[in-house]
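Understanding the architecture of this molecule
Listed here are the chains, written in short residue letters.
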Amino acid sequence: MGAGLAGAQTVAALRAHGFTGRVTILGAEGVPPYDRPPLSKELLTRPGPAWLTEEIGVDVTVLADEALLDDPAVDLEPGTGSVTVTTRSGRRVTADVAVLALGSEPVRPPGWEAALTLHTADDAAHLRERLTPGTRLVSIGAGWIGAEIAGVASRAGCEVTVLEAAQTPLERQLGAEVGGHLARWYADAGAHLLTGAQVTEVGARSVVLADGRTIEGDLVLAAVGARPATAWLKGTLPLDPRGSIRVNSAGRVAPPTVAAPSGTSGHLPLKALRRLYAVGDCATRDNAVFGPVPGGHWSAALHDPEPTVRAILGIDEMPAEPQPVRELLGLAPVPQHAPYVFSQQLGHDIALFGTPSPFHEVVYRGDPSGGATGHEGWTALYLETVAGAHRTNAEGHRLATVRAILVVDAPREVGQVRKLMNRDVALHVDVEIATDPGRRLRDAVV
Ligand SMILES: Cc1cc2nc3c(=O)[nH]c(=O)nc-3n(C[C@H](O)[C@H](O)[C@H](O)COP(=O)(O)OP(=O)(O)OC[C@H]3O[C@@H](n4cnc5c(N)ncnc54)[C@H](O)[C@@H]3O)c2cc1C
């Protein structure tokens, strides 16, 4: 279910592993799978979708026996002997295994119906037509997508105002301290950023703030995040408060740890749950190093279907067991990868590995102001530290565990950071060496 990146990769992996059984893929957009990141980054330079057939060579219409791209699933009946999916047109598809690759939907709070969003190829086409030079764009949210559109629209000669409820851009994702370093990027790119802006009313051409100000524009865009597209599964499957489907590290739907509040979902027999897998944006997946990782990122949708298909086909024995247990059992490692997000925003390149939290201490390699040009590379390391319990090595250097690394405008650093963060153990570093931009980060590993 779901003809996006994760759904397409699932079908491709099944065939790549020689699966000859019947595959049905259900979609909701009426078009073959395409890549979403270019919708914002290349909004005005790429006139049509980046089709996955061309981008990664996966054509679901060839690989699946049936590709019903405009007939979404509306009901799921997990049983102990099979699982049945009912589609919008009333088709009933019975299968041995069902993979949920439903993606997400943009958040649009009640009363914000007049605002545009950017999530689909149709949204992009609509926005592209209207973002002409001189257009006044009022964008709500300085998150990943809000920042990308602000940059693209400013560059195209639009007059851009970004309204952000938090005190800094990307505060929820990167923390207030690091977010603070990104704030000036808006002015540098010619966009106007208003932080601490609580939106109370949204119209098609104006936004009212809690302090009584009205911000007028020609277009109002809501870019305040996305939620798993799972509303229709409430009462059928255990969902977390965000609507995410909790899966183990192989992508298999996990039994609820406490009685699920949504009716029958807490009572599904284990045998029925074993037929259900979820990948991509709609899932929160266990990671041996980073714990439960919510979907929402391209790299998870790209990579997670492979181990999931291996689990479905029984290629990896006990794929969800942690690596130390697999080692004890003499089983080969199942490849792990750290959560990864990339973004090109307001003239800057960002790569984020791992899971930052407001409780982490942030230290830097390089100057987070971007140096004299504002574009010199820097890296932020998010350290897990236990108050009053600093560990040191023989040279008296502090040792710490790195939970996330943000790389800004330093493409050459990205490769080594990816390697270090993708290991299947937590990254421990000598903080003194790690914060010396003259030394290689890998020399800091302990
Ligand atoms: C504008 C934009 C820019 C982005 N940029 C980045 C970026 O720079 N870096 C990054 O890491 N991530 C980025 N992302 C996120 C990234 O694109 C997603 O994480 C990725 O597309 C997830 O893939 P998916 O297959 O899980 O979901 P999707 O791509 O959303 O695909 C799911 C598909 O399932 C369909 N569907 C939904 N419900 C049903 C149903 N009931 N039955 C059948 N089909 C259904 C949906 O219509 C959709 O076509 C961006 C997203 C957007 C919107």
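Quick notes on the rules
Residues numbered from 1 in each chain as written. Predicted model: local features only at pLDDT ≥ 70, side-chain atom pairs only at ≥ 80, totals over all residues. Heavy atoms only, no water. Helix = DSSP H or I, 4+ residues; strand = E, 2+ residues; numbered from the N terminus. Rg over C-alpha atoms; globule rule 2.2 N^0.38 Å. Buried < 20%, exposed > 50% of the residue type's maximum accessible area, 1.4 Å probe, protein only. Contact = heavy atoms within 4.5 Å. Areas by Shrake-Rupley, 256 points an atom, 1.4 Å probe, with all protein chains shown as cover. Lys, Arg positive; Asp, Glu negative; His and termini not counted. Charge placed at Lys NZ, Arg CZ, Asp CG, Glu CD. Pairing = 2+ DSSP bridges. Axes fitted to C-alpha atoms, helices over the stretch in contact; angles between N-to-C directions. Polar contact = N/O pair within 3.5 Å; in protein donor to acceptor, adjacent residues only side chain to side chain. Near = heavy atom within 4 Å. Salt bridge = Lys/Arg side-chain N within 4 Å of Asp/Glu carboxyl O. Domains from an automatic or database assignment. Buried area = accessible area lost by both parts, 1.4 Å probe. Phe/Tyr/Trp six-rings, centres within 6.5 Å; stacked < 30°, edge-to-face > 60°.

As for the overall build of the chain
- The helix and strand inventory of the chain stands at 14 helices and 28 strands.
- The C-alpha atoms of the chain give a radius of gyration of 23 Å, which matches the 22 Å a tight globule of 446 residues would have.
- With respect to the principal axes defined by its C-alpha atoms, the chain has extents near 65 × 65 × 40 Å.
- Scored against the burial criterion, the 446 residues of the chain give a buried share of 51%.
- Sequence-distant contacts, at least 24 apart, represent 63% of the contacts inside the chain between residues at least 6 apart.
- Accessible surface computed for the chain: about 20,100 Å², of which carbon and sulfur atoms make up 53%.
- Of note, the chain has its 39 positive side-chain charges centred 4 Å away from the centre of its 50 negative side-chain charges.

Digging into the sheet that holds strand 14 (residues 206–209)
- Spatial ordering of the open sheet is given by 13-14-15, a layout of three strands whose pairing is antiparallel. The outermost strands of the open sheet, each flanked by one partner alone, are strand 13 (199–202) and strand 15 (214–216). In this sheet, adjacent strand axes meet at a mean angle of 25 degrees when their direction is disregarded.

Describing the side chain of Arg285
- Mapped onto the secondary structure, Arg285 falls in strand 20 (residues 283–287).
- Within polar-contact distance, the side chain of Arg285 engages the side chain of Thr308 at 3.0 Å.

Let's talk about the site of the ligand
- Near the ligand lie 33 residues; those nearest to it are Ala6, Glu29, Arg36, Lys41 and Asp281.
- Contact distances for the ligand include 2.9 Å between a nitrogen atom and a backbone N or O atom of Ala73.
- Measuring from a nitrogen atom of the ligand, one finds a side-chain N or O atom of Trp232 at 3.5 Å.
- Burial of the ligand by the protein amounts to 93% of the accessible area it has alone, namely 990 Å².
- If you list the elements that add at least two residues to the shell around the ligand, you get helix 1 (5–16), helix 2 (37–41), helix 6 (144–155), helix 10 (298–303) and strand 22 (340–345).

As for the pattern of salt bridges
- Enumeration according to the criterion identifies 20 salt bridges in this entry.
- Note that Asp218 and Arg205 form a salt bridge whose closest N and O atoms lie 3.3 Å from each other. Taken together, the residues span a long stretch of sequence, with Asp218 in the loop between strand 15 and strand 16 (219–222) and Arg205 in the loop between strand 13 and strand 14 at a distance of 13 residues.
- Among the residues examined, Arg205 registers a relative accessible area of 47% and is labelled partly exposed.
- Residues Asp211 and Arg213 are paired through a salt bridge, measuring 2.8 Å at the closest nitrogen-oxygen approach.
- Salt bridges linked by common partners bring Arg22, Glu66 and Arg91 together as one network.

A short note on the pairing of strand 16
- Here strand 16 shows no split at all, with Leu219 and Leu221 on one side and Val220 and Ala222 on the other all buried.
- By the bridge criterion, four bridges tie strand 10 (residues 136–140) to strand 16 in an arrangement that is parallel. Bridge pairing in strand 16 links Ile140 to Ala222.

Side note on helix 13 (residues 411–421)
- Taken together, the buried positions of helix 13 are occupied by Glu413, Val414, Gln416, Val417, Leu420 and Met421.
- Residues of helix 13 that are buried sit in contact with strand 23 (348–354), strand 24 (361–365), strand 25 (378–384), strand 27 (398–408) and strand 28 (427–430).

Quick notes on the domain arrangement of the chain
- You can read the domains of the chain as domain 1 (5–105 + 227–320), domain 2 (121–224) and domain 3 (340–444).
- On a C-alpha basis, the centroid separation for the pair domain 2 and domain 3 is 28 Å.
- Contacts between the two partners involve 16 residues from domain 2, matched on the other side by 21 residues from domain 3.
- Across the interface of domain 2 and domain 3, roughly 1,500 Å² is buried in total on both sides, 66% from carbon and sulfur atoms.
- For the pair domain 2 and domain 3, the number of links is zero salt bridges.
- Mapped by element, the contributors of at least two residues to the side of domain 2 that touches domain 3 are helix 6, helix 7 (171–174) and helix 8 (176–188).

Concerning the packing of aromatic side chains
- Enumeration according to the criterion identifies five aromatic pairs in this entry.
- On the numbers, 6.1 Å between centres and 90 degrees between planes, the contact of Tyr34 with Trp51 is edge-to-face. In this pair, Tyr34 is assigned in strand 2 (residues 34–35) and Trp51 in strand 3 (residues 50–51), connecting sequence segments 17 residues apart.
- Residue Trp51 is classed as partly exposed on the basis of its relative accessible area, which comes to 25%.
- Seen in terms of ring centroids, Tyr340 and Phe342 are 5.9 Å apart; in terms of plane orientation they differ by 40 degrees. Their pairing is tilted.
- According to the relative accessible area criterion, Tyr340 is buried, its value standing at 15%.
- Put simply, the rings of Trp298, Tyr340, Phe342 and Phe353 touch in pairs and so form one group of aromatic residues.

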